[in-house]
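# A structural walkthrough
Read off the chains here:
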2 protein chains.
Amino acid sequence: MDVKIPLSEKDIPKQWYNLAADLPSPLQPPLGPDGKPITPDMLAPVFPMNIIEQEVSTQRWIDIPQEILEILYRWRPAPLRRAVYLEKYLKTPAKIFYKDESTSPPGSHKPNTAVAQAYYNKVFGIKKITTETGAGQWGSALAFACKLLGLECKVYMVRISFDQKPFRKLMMQVWGAKCIASPSDQTEFGRKILKEMPDTPGSLGIAISEAIEDAVHDKTGQTRYSLGSVLNHVMLHQTIIGLEAKKQLKMVGIDKPDIVIGCAGGGSNFAGLSFPFVQDKINGADIEIIPVEPKACPTMTRGEFAYDHGDTACMTPLLAMHTLGHAFVPEPIHAGGLRYHGMAPLVCQAIVEGLLTPRAYHQLKCYEAALTWANTEGFICAPETSHAIAAAIDEAVKAREEGKEKVILFNYSGHGLMDLTGYDAYLSGKLADYELPEDSLKKSTACLKGLPKPSTKKSGKW
Amino acid sequence: MDVKIPLSEKDIPKQWYNLAADLPSPLQPPLGPDGKPITPDMLAPVFPMNIIEQEVSTQRWIDIPQEILEILYRWRPAPLRRAVYLEKYLKTPAKIFYKDESTSPPGSHKPNTAVAQAYYNKVFGIKKITTETGAGQWGSALAFACKLLGLECKVYMVRISFDQKPFRKLMMQVWGAKCIASPSDQTEFGRKILKEMPDTPGSLGIAISEAIEDAVHDKTGQTRYSLGSVLNHVMLHQTIIGLEAKKQLKMVGIDKPDIVIGCAGGGSNFAGLSFPFVQDKINGADIEIIPVEPKACPTMTRGEFAYDHGDTACMTPLLAMHTLGHAFVPEPIHAGGLRYHGMAPLVCQAIVEGLLTPRAYHQLKCYEAALTWANTEGFICAPETSHAIAAAIDEAVKAREEGKEKVILFNYSGHGLMDLTGYDAYLSGKLADYELPEDSLKKSTACLKGLPKPSTKKSGKW
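Let me sum up the structure you'll find in this document. Every chain is numbered independently, its residues counted from 1 as its sequence is written. As a convention, the first chain written is A and the first ligand written is 1, with the rest following in written order. In keeping with the predicted nature of the model, local features appear solely for residues at pLDDT of at least 70, side-chain atom pairs appear and are counted solely at 80 or more, and the whole-chain, interface and lining totals rest on all residues. Computation of side-chain values covers all heavy atoms of the structure but excludes hydrogens and water.

## A short note on the sheet that holds strand S7 (residues 152–158) of chain B
All names here are of chain B. The four strands are arranged S8-S7-S6-S9 in an open sheet whose pairing can be described as parallel. The open sheet is flanked by strand S8 (178–182) and strand S9 (223–225), the only strands paired with a single partner. Recorded for the sheet is a direction-independent mean angle of 20° between the axes of neighbouring strands. Note that strand S6 (residues 128–133) and S7 share six bridges and pair parallel. Its bridge partner lying in S7, threonine 131 is registered against valine 155. By definition in these notes, contact holds between two residues if any of their heavy atoms fall within 4.5 Å. Lines fitted to C-alpha atoms define the axes, with helix axes restricted to the stretch in contact, and inter-axis angles between N-to-C directions lie between 0 and 180 degrees. The helix count covers DSSP runs of H or I at least four residues long, the strand count covers runs of E at least two residues long, and both are numbered beginning at the N terminus. Packed onto the sheet, helix H6 (residues 137–149) meets S6 and S7 and runs at close to 165° relative to S6. The sheet contacts of helix H8 (residues 166–174) involve S6, S7 and S8, and relative to S7 the element is tilted by about 175°. Two strands make a pair as long as DSSP finds a minimum of two bridges between them.

Given below as structure tokens:
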């Protein structure tokens, strides 16, 4: 079996998979300030209507426009790879496969939805898109997509990452986007935060608030906001990852993986790989599906399942999700993409249903896994991705101990070539583990009091 | 036709191609300090004997050990890709193909020879390898190879690149190598240079001298030196690029390209892609083969074809090559990999024979080409690679003007994700063009006086 399992362009999936169609219990709707489900037109100042339609759709399969595929062909179908060198090092009977999303021009899975969103905005007549970015993966992906589709792009980048990862900003500039540190002086909310906390490292929640404010305040009506994770349509666009992986596994005679793993910050790379397998699990397949998060930002493993805002300024509708509270400001761990207080509602509803088994890891363990990866497979992974690798290693070791030939599949969400300062900190012993203290958690979730509560009823059998 | 043309592992070339077997005139031998051809044993303190044997071999095909292939499978066979988006943008009838060498873990073609050299050193019982690096591509490739083969690695990095590209140094450290700025205080020659020119940006020539001194002064006899370009065995190891490309072109029904292009600093990525096509040209095929260099370091287009040292301290044997003189200190242009005073003797002998048509470009033109590439194909290329892209664009435009459906093939030698400071300088208008003044050239080639002269006889018909 080759290390790389390519898929030809003609076999690229022509439809995205929508998990909302198959969830045992219906997805709980976003709520407005009045506690009532919001209507599509309430979102119209923020998103174009064609994307809002996807956001609320419960159609199982949604066609991918040919124009989007033509752009994706630059790197898709992405290779599925077998980590034979890691397997050998671990002396495991498990087969470890990974979907290599690092081969896109910005180096992660993010352009899968960036291209789709830029396309739908363009079709709707929008000229400019604003967004936020944490680690910079999303911002550079949207910059890339906007450049190829001829749209303007403005990115609010969380200050800690803006400072730690100057190359990501330069990357956005190569693709013609404007990138500024958040909180910034360009929005009312940014100025307010700067006044209150001039030294704040920023947060995704703050950056989201700024980007939305920027979009809705544009009087020409030709600016919209774009989100790189969390929302249903983002999960939808990412399912091309898992749909490709399924075809590729079949090509090498594998009917189904035993274990599917992805790191999860807002949930999009995890959902992209796993949702097509969640469908199989709903239909009876025996698959363990594991989203992995950092212990410093333990949304799924310690957060409440609650209605909460997606941003710090409470501008977004209330989403039913696992959350640490919208006021949560995470420690500046290096996995910037995993520092979000919430989690995609589709992922959370699947957790409520028992379809997923989330876990949390410390960052030192993850960097150790990243080094093992670099020294066996040879590639340098993103700090976010190292969480998935650490889980894959744990599962492969367990398979060895149990003497079982399991098939493990994980998402290699991005390379770490722009994240070498994190490796430097690790190698020089400057990194420490951080576990969110119980009283900090209590404090940050206090803002959830008084907000409506979603149902936690489990209707499935998992 | 797919954008990506993969090749399966079973079709990977099992032998390297040695151009020395087919050159119309025999390669002129390296000379010792006495002006007489050096013997293999004189190189023994610097290189292991199995590599020296390859260096002097005139055997046409040389087997690639299976152990090397097993390591290369991590990214080889590398994809051949068609630049359909660039073609469309240029409205050219030409088909533009490129061999994507950026997919290796260090991001360039360099590991093709790094892995081979580390392997042969290991087989010979060597424990530690020293080397120099310019842009950092080579140093990180050797660090990577040494890590996978369990050898120690020490890299002398040209100071200007060490400062401009901190991430390359971190990359080497992730793979366990020691990386220090050259000139350094760790060698006699380095200390001498630092005393004379404390503010020197360094040069490849100086760094080579330091790395050789470090290797030959190790009294245990278990250290050797490794060079990432210029020498015959390096060109040999790189021919896997062109041999793969040939197979991939055949897969899409193309018998031969009309034009083959590579950027050339020491010559290795250019030779790697082009030598298998040079063989075809010697055998009668009509192919234009173009090495591209910067006008700031115009070795092939303005240098003398002379016997010269490969390093500044005159420690290496004399090589018959196009050279700007071993005392040449290049301007700090951003294409660090193209700042070498000499050129691979095999490439130079092919130039003498009229088999190649070198050209030189200014850096602003090359960055413009890099931006065109990023905004059409979507990927961010290395500043070295931008020279090949600029030539490919020129040839595609010419094909449009002539109305000819030419097949253009170039080598995408590496990505530019670690080179974004160069893009930043370009985008903010801080870069200027630099043409080597005639009197500087005269001054730097003055050191060639008194050295033996190679034959410039052309025995072929090209």
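From this point, the discussion proceeds with the structure in view.
## Looking at helix H18 (residues 438–445) of chain A
All names here are of chain A. Along H18, the residues classified as buried are Leu441, Ser444 and Thr445. Across the axial projection of H18, the buried residues extend over an arc of 90°, all falling on one side. When the buried face of H18 is taken as reference, the exposed residues oriented beyond 90 degrees from it are Asp439, Lys442 and Lys443. Each residue's exposure class comes from its accessible area (1.4 Å probe, protein chains only) as a fraction of the maximum for that residue type: buried when under 20%, exposed when over 50%, partly exposed otherwise. Taken from the helix axis, the directions to the C-beta atoms give the arc we talk about.

## Things to note about the packing of helix H4 (residues 111–123) of chain A against helix H5 (residues 137–149) of chain A
Residues and elements named next belong to chain A. In the contact formed by H4 and H5, the axes pass within 8 Å of each other and the chain directions differ by 45°. The angle between H4 and H5 places the two elements in the oblique class. Viewed along their axes, H4 and H5 form a crossing whose handedness is right-handed. Facing Pro111, Thr113, Ala114, Val115, Gln117, Ala118, Tyr119 and Lys122 of H4, the residues of H5 in contact are Trp138, Ala141, Leu142, Phe144, Ala145, Cys146 and Leu149. Just so you know the grouping, Ala, Val, Leu, Ile, Met, Phe, Trp, Tyr, Cys and Pro go in nonpolar, Asp, Glu, Lys and Arg go in charged, and all remaining residues, Gly too, go in polar. Taken together, the residues that form the contact of H4 with H5 break down as twelve nonpolar, two polar and one charged. Under this scheme an angle from 65 to 115 degrees is roughly perpendicular, one under 35 degrees roughly parallel, and one over 145 degrees roughly antiparallel; angles in between are oblique. Note: crossing handedness is left-handed where the near helix turns anticlockwise from the far helix by less than a right angle, and right-handed where it turns clockwise.

## Considering unusual backbone geometry
Most peptide bonds adopt trans geometry, and most residues besides glycine take a negative phi value. Residue and element names in this part refer to chain A. Geometrically, the link from serine 182 to proline 183 is a cis peptide bond, its omega value of 5° lying close to zero. For proline 183, the position within the fold is in the loop between strand S8 (178–182) and helix H8 (188–196). Positioned with a positive phi, valine 230 is a non-glycine residue whose angle comes to about 70°. Positionally, valine 230 belongs in the loop between strand S9 (223–225) and helix H10 (232–238). For valine 230, a relative accessible area of 4% translates into the label buried. Here cysteine 314, not a glycine, exhibits a phi torsion of approximately 60°, which is positive.

## Notes on the interface of chain A and chain B
Taken together, the contact between chain A and chain B spans 44 residues of the former and 44 residues of the latter. By convention, the term buried area covers the 1.4 Å-probe accessible surface removed from two parts as they join, with the contributions of both added. Note on chain A versus chain B: buried area summed over both sides is about 3600 Å², and carbon and sulfur give 62% of it. Taken as a group, Arg74, Phe167 and Val174 of chain A account for 20% of the area that chain A buries against chain B, more than any other trio of residues on that side. Nitrogen and oxygen atoms within 3.5 Å of one another constitute a polar contact, given that in protein one can donate a hydrogen and the other can accept it, and given that sequence-neighbouring residues count only through two side-chain atoms. The interface formed by chain A and chain B contains 20 residue pairs in polar contact (both at pLDDT 80 or more). If you list the elements that add at least two residues to the side of chain A that touches chain B, you get helix H2 (66–72), H5, helix H7 (166–174), helix H15 (363–376) and helix H17 (420–427) of chain A.

## Overview of the relation of the copies chain A and chain B
Under the fitted operation, chain A is carried onto chain B by 0.0 Å of movement along the axis and a turn of 180°, and the coordinates agree to an RMSD of 0.0 Å. The superposition operator between the copies reduces to a two-fold rotation axis. The fraction of interface residues of chain A whose copies in chain B are also interface residues reaches 100%, indicating that both copies meet through the same surface. Only residues with pLDDT of at least 70 in both copies contribute their C-alpha atoms to the least-squares superposition of the copies.

## Considering the sheet that holds strand S6 (residues 128–133) of chain A
All names here are of chain A. Read across the open sheet, the four strands follow the order S8-S7-S6-S9; overall the sheet is parallel. Every interior strand has two partners, whereas the edge strands, S8 and S9, have only one. Within this sheet the neighbouring strands show an average axis-to-axis angle of 20°, counted without direction. H7 rests against S6, strand S7 (152–158) and S8 of the sheet, and its axis sits at about 175° to S7. Contacts from helix H9 (residues 204–216) reach S6, S7, S8 and S9 within the one sheet, and its direction differs from that of S6 by about 170°.

## So, the pattern of salt bridges
The term salt bridge refers to a side-chain nitrogen of Lys or Arg lying within 4 Å of a carboxyl oxygen of Asp or Glu. For the structure on display, the rule yields 32 salt bridges over all chains. Across the salt bridge formed by aspartate 394 of chain A and lysine 365 of chain A, the nearest N and O atoms sit 3.0 Å from each other. Of this pair, aspartate 394 of chain A sits in helix H16 (residues 383–402) while lysine 365 of chain A sits in helix H15, and the two are 29 residues apart along the sequence. The residue lysine 154 of chain B makes a salt bridge to aspartate 214 of chain B at a minimum N-O spacing of 3.1 Å. Placement of the pair is lysine 154 of chain B in strand S7 and aspartate 214 of chain B in helix H10 (residues 204–216), with a sequence separation of 60 residues. For the pair shown, lysine 154 of chain B and aspartate 214 of chain B are each scored as buried.

## A few points about the layout of surface pockets
The computed volume of the largest pocket comes to approximately 1000 Å³. Residues are said to line a cavity or pocket when one of their atoms sits within 4 Å of a point; the points come from a 1 Å grid over protein atoms alone, cavities being sets where a 1.4 Å probe fits but cannot get out and pockets being open sets with protein on both sides within 12 Å along at least five of seven lines. In terms of lining residues, the largest pocket is bounded by 46 residues, among which Pro79 and Thr103 of chain A together with Pro79, Asp100 and Thr103 of chain B are the most central. Of the residues belonging to the lining of the largest pocket, the class tally is 23 nonpolar, twelve polar and eleven charged. Grid points are joined across faces, edges and corners, and a volume is the space filled by probe spheres set on the points.

## A few points about the state of the cysteines
All names here are of chain A. When the sulfur atoms of two cysteines come within 2.5 Å, that pair is taken as a disulfide. For the coordinates displayed, the defined rule picks out zero disulfides over all chains. Among the cysteines around cysteine 297, which has no disulfide bond, cysteine 348 carries the closest sulfur, lying 12 Å off. According to the relative accessible area criterion, cysteine 297 is buried, its value standing at 2%.

## Topic: the pairing of S6 of chain A
Residues and elements named next belong to chain A. Of all six residues making up S6, six are buried, and the element is well covered by its neighbours. The alternating pattern of S6 places Lys128, Thr130 and Glu132 on one face and Ile129, Thr131 and Thr133 on the opposite face, and all of these are buried. This β-α-β element, S6 to H5 to S7, shows right-handed connectivity. As judged from the three bridges shared by S6 and S9, these two strands associate in the parallel manner. Bridged to isoleucine 129 within S9 is arginine 224. A right-handed crossover is one whose linking path, passing over the helix from the first strand to the second, runs clockwise when the strands point away from the viewer.

Function cannot be inferred from these measures alone, as they are strictly geometric.
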